[in-house]
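Per-entry structural report
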Amino acid sequence: MAMELITKKHQQSTDVGTADVVAEYFPDIPVSMLTLLQFVCMDSMGGIYRPLILQDPSLVVFFLPFILVVSIALMNLVTAVIVEGAIEQGKSDRESQNRYKQAAFKKMLPSLRAMFHKLDSDGNGKVTLEELMDAPKDIKKHFEDIMQVESMVELFEIVDADNSGVVDIDEFCDGIAK
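Residues numbered from 1 in each chain as written. Predicted model: local features only at pLDDT ≥ 70, side-chain atom pairs only at ≥ 80, totals over all residues. Heavy atoms only, no water.

1. Structural notes on the packing of aromatic side chains
Both the distance between ring centres and the angle between the ring planes are used here to describe each pair of aromatic rings. Note the following rule: Note on aromatic pairs: the rings of Phe, Tyr and Trp (six-membered ring only in Trp) are paired at centre separations within 6.5 Å, and the planes decide the class, stacked below 30 degrees, edge-to-face beyond 60, tilted for the rest. Put simply, DSSP H or I for four residues or longer makes a helix, DSSP E for two residues or longer makes a strand, and each gets a number counted from the N terminus. We call a residue buried when its accessible area falls under 20% of the maximum for its residue type, exposed when it is over 50%, and partly exposed in between, using a 1.4 Å probe and counting protein chains only.
Within this structure, the stated rule accounts for 7 aromatic pairs. Aromatic pair phenylalanine 39 and phenylalanine 63: ring centres 5.3 Å apart, planes at 20 degrees, arrangement stacked. Residue phenylalanine 39 is found in helix α3 (residues 29-40), and its partner phenylalanine 63 is found in helix α5 (residues 60-119); the two are separated by 24 residues along the sequence. Phenylalanine 63 matches phenylalanine 39 in its accessibility class, with the two residues each being buried. Judged by centre distance (6.3 Å) and plane angle (10 degrees), the rings of phenylalanine 62 and phenylalanine 66 are stacked. A residue pair is termed a helical-turn pair when its members lie 3 or 4 positions apart in one helix, as phenylalanine 62 and phenylalanine 66 do in helix α5 at 4 residues. Accessibility classification places phenylalanine 62 together with phenylalanine 66 in one group, the buried group. Taken together through their ring pairs, the aromatic side chains of Phe39, Tyr49, Phe62, Phe63 and Phe66 make up a single cluster.

So this is what it looks like as structure tokens:
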């Protein structure tokens with residue numbers, strides 16, 4: 001299309017600037033394709049289309065859609081690939097963090113079970129809020145650091161998922177894991 005619109009029509013132009021641009025950038029199909037690739041890359045294209053459009057304003061119909069559709073579409077495509085890569089990386093990071101948390105929790109599980117048994121003062125396999133409140137200071141401090149809570153009441157509300165007022169060992173460990 002460039003050969004028809006530009007080369008044939010403007011090759012013998014009386015305007016020296018236009019004839020020079022046509023001779024340099026649109027002499028044959030391979031060079032015309034290279035010139036259009038230059039448009040795709042948005043590489044110094046103003047020096048090519050400006051003299052041609054000044055000589056023949058109807059070429060706006062050729063150059064403007066080409067610039068808008070091809071160049072901007074290419075930039076959008078590149079941006080989409082970058083954004084997709086960033087989203088995938090974020091997803092991978094979240095999965096890695098979850099695996100790390102699960103591994104850390106598995107390491108901490110035996111000590112949590114031991115703490116549960118220390119908290120269970122009556123030995124019935126369940127911990128109440130009162131038993132948690134009566135816990136030694138070192139255990140309270142440890143739970144406040146792990147769970148980032150301000151009080152034992154808040155900790156108990158977090159681990160008591162079924163709001164029964166008592167927590168068994170599994171409910172206790174699952175609550176701490178969350």
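The discussion continues.
2. Points about the nonpolar core
Cut-off, in case you're wondering: Take the buried residues of types Ala, Val, Leu, Ile, Met, Phe, Trp, Tyr and Cys, join any two whose side-chain atoms come within 4.5 Å, and each joined set is a nonpolar core.
If you look at the biggest cluster of nonpolar residues, it comprises 21 residues, and the most contacted ones within it are Leu112, Leu119, Leu132, Phe143, Leu155, Phe172 and Ile176. Elements with a contribution of two residues or more to this core: α5, α7 (137-147), α8 (152-159) and α9 (169-177). Considering each element in turn, this core owes the most residues, 5 residues, to α5. Ile6, Leu36, Val40 and Phe66 belong to the second-largest nonpolar core, a separate cluster that totals 16 residues.

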